[in-house]
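# Architecture at a glance
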Number of protein chains: 2
Amino acid sequence: MSQHRHPGAPGRAGAVPALPDLPEATVARLPEYLRALHNLAETGHETVSSEGLANAAGVNSAKLRKDLSHLGSYGTRGVGYDVGLLIDQIEFVLGLTQRRAVALVGVGNLGHALAGYDGFASRGFRIAALFDADPSRVGEEISGLTVRHVDELPRVAAEESISIGVIATPASAAQAVADQLVAVGVTSILNFAPCVLSVPEGVDVRKVDLAIELQILSFHEHRKASLTALPASGGSALTALPGGLAATDTQEAIGT
Amino acid sequence: MSQHRHPGAPGRAGAVPALPDLPEATVARLPEYLRALHNLAETGHETVSSEGLANAAGVNSAKLRKDLSHLGSYGTRGVGYDVGLLIDQIEFVLGLTQRRAVALVGVGNLGHALAGYDGFASRGFRIAALFDADPSRVGEEISGLTVRHVDELPRVAAEESISIGVIATPASAAQAVADQLVAVGVTSILNFAPCVLSVPEGVDVRKVDLAIELQILSFHEHRKASLTALPASGGSALTALPGGLAATDTQEAIGT
DNA sequence: AGGCGCTTGTGAAGGGGTGCACAAATCGCG
DNA sequence: CGCGATTTGTGCACCCCTTCACAAGCGCCT
Ligand SMILES: NC(=O)c1ccc[n+]([C@@H]2O[C@H](COP(=O)([O-])OP(=O)(O)OC[C@H]3O[C@@H](n4cnc5c(N)ncnc54)[C@H](O)[C@@H]3O)[C@@H](O)[C@H]2O)c1
Ligand SMILES: NC(=O)c1ccc[n+]([C@@H]2O[C@H](COP(=O)([O-])OP(=O)(O)OC[C@H]3O[C@@H](n4cnc5c(N)ncnc54)[C@H](O)[C@@H]3O)[C@@H](O)[C@H]2O)c1
């Protein structure tokens, strides 16, 4: 309302950046808002209503307002949110005002795709180094970066200030790689290997497991199929689908 | 939870599967349990306690027991769970007793990695077809599959019974591809493009956005840094770091 | 056979997230 | 200058999920 705290001057003057530890669910949605906001900015929008932004981000508008209110947001009643200001706010809260350096370990099948992904740079990150353990891969150049041996990680980590480590090695090597990353001071890890990593407290790990996503979809697919197959027996609580309108879509019958 | 269904193996004809609609959080963890169980089975374990399995899956043991109880699980008090039986149960609930056919649309940078990923096959899926819109890509052979033009989707979908569609195209094309998938009867979509998809009710969409994961990590990184920077005592619990390199993060001071 | 230790399954309490509904605030306009 | 239209920010009720704690059940050992 009255006190405008600009992201450009987070540091000084007694006033703490006031990082209120946001609800985790909110944090997970902020990047989505940010992406939608960038789209809006590119298409010339100066302000946006919570309804409009919520729509663009695929969420409920009340949820969006509550999320933004958590970070002491600055909307104008009767008008909406200033797109540019909101972008700055969210980028500041997410710690994106500095371009974070990412180290990618494991330049195989998936690692190659990641290394060449331009979505990194455009969303606030910079791939600072590529590592692999396979000597035949060391020295290869990908998107202007040279693959180094993983043993060089300590030295490189000292040069570049690695903020986040990405693991794209086989699961059998993931824990060892995570240990190495932690050893050089990395406190945030994104893990693509399908395994559980054990890390000391203070280190954040997020996991991306493609097969898990597919299996979750498989469950719903299975459930949908069994619903259409059921002749409305017992009538327990399974008919709890929204609206009661029973899926006007085409359903593939799964052979049984 | 008085209705004890028979451990009736998935294959059993007759008994109606009567899928209990599990809590969504439980569904999301079942694949993790399944992976851990497969690991245990491979290492010769016949039974496992909730504590052991929870440990292997990286969750709380009470949570795991409640999850398993939801699917009318069959453990033996004083002993634990039969690994093989539990695998069958979970695979059945997840709808993995049939190998689901996956269609991958967009065989670019990321699509190539996905097409060559053997984690699909080993976790219950089969890539049935690859599609792209780029004529120069059509015809290319990847891992034994030939890339077809996306216009052939209807025909191929009729032949193979596509269960899940994976979108790995640029964001600008994702909505159109989703529409095409829905049009041919696909009701489950995994989307790698950074955008919100709009689909009719009854269609499930899951999204994997790498940048979002990194930005969430960035937030926590930012928060950790601001905590260590604060003179307010409190004694941070971050001292678990080995290298003593206590996140000497440069405080950003970038003006817009 | 009986007791004992171990493990499951679950009731209950507590916390967090979601969405509704509305008061407060702001702008444009007559 | 005030009024109505519009939109934000939030109190509140509800629901889901997590976690603790413990009784019930099971096998083994004596
Ligand atoms: N390819 C995909 O589409 C995909 C999708 C989801 C998950 N994954 C997972 O991502 C990981 C990588 O998959 P991939 O297909 O790229 O496998 P890959 O075998 O092609 O690549 C793995 C790379 O890691 C390197 N490596 C092995 N041990 C290492 C170590 N100790 N230190 C550094 N590098 C090491 C190997 O030399 C290799 O280059 C796997 O865990 C896989 O399950 C892959
Ligand atoms: N490369 C990565 O590591 C990575 C990581 C995360 C997310 N993503 C996202 O995944 C998507 C693909 O990334 P990429 O790096 O593979 O891009 P890419 O440009 O290399 O590949 C995109 C492919 O999609 C094809 N395509 C375009 N329009 C199509 C249409 N209408 N129908 C069918 N095919 C079409 C193109 O011909 C191309 O082959 C992008 O949305 C990207 O943001 C990529």
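None of these values were measured; they are calculated from a predicted model.

Parameters at a glance
Residues numbered from 1 in each chain as written. Chains lettered and ligands numbered in written order. Predicted model: local features only at pLDDT ≥ 70, side-chain atom pairs only at ≥ 80, totals over all residues. Heavy atoms only, no water. Domains from an automatic or database assignment. Near = heavy atom within 4 Å. Polar contact = N/O pair within 3.5 Å; in protein donor to acceptor, adjacent residues only side chain to side chain. Helix = DSSP H or I, 4+ residues; strand = E, 2+ residues; numbered from the N terminus. Areas by Shrake-Rupley, 256 points an atom, 1.4 Å probe, with all protein chains shown as cover. Nonpolar A, V, L, I, M, F, W, Y, C, P; charged D, E, K, R; others polar.

Our focus in this paragraph is the domain arrangement of chain A. Assigned domains within chain A: domain 1 (24–93) and domain 2 (100–210). Averaged C-alpha coordinates put domain 1 of chain A and domain 2 of chain A at centres separated by 31 Å.

Before going further, it helps to spend a moment on the protein's contact with DNA strand D. For DNA strand D, the set of nearby residues contains 26 residues, the closest of which are Ser50, Arg65 and Tyr81 of chain A together with Arg29 and Arg77 of chain B. Looking at DNA strand D alone, sugar and phosphate atoms form 63% of those within 4 Å of the protein. A distance of 3.1 Å separates a base oxygen of DNA strand D from a polar atom in the side chain of Lys66 of chain A. The set of elements that each furnish at least two residues to the surface near DNA strand D consists of α3 (61–70), β2 (75–76) and β3 (80–82) of chain A together with α1 (24–42) and α3 (61–70) of chain B. With four residues, the single largest contributor to the surface near DNA strand D is α3 of chain B.

Let us now look at the site of ligand 1. Near ligand 1 lie 23 residues; those nearest to it are Asn109, Leu110, Asp132, Arg137 and Thr169 of chain A. The environment of ligand 1 is shared, with nearby residues belonging to chains A and B. Thr169 of chain A is positioned such that a nitrogen or oxygen atom in its backbone is 2.7 Å from an oxygen atom of ligand 1. At a separation of 3.1 Å, an oxygen atom of ligand 1 approaches a polar backbone atom of Ala113 of chain B. For ligand 1, whose accessible area on its own is 820 Å², the fraction buried by protein is 81%. Elements represented by at least two residues in the shell around ligand 1 include exactly α5 (109–115) and α7 (171–183) of chain A together with α5 (109–115) of chain B. Residue composition of the shell around ligand 1, by class: 16 nonpolar, four polar and three charged.

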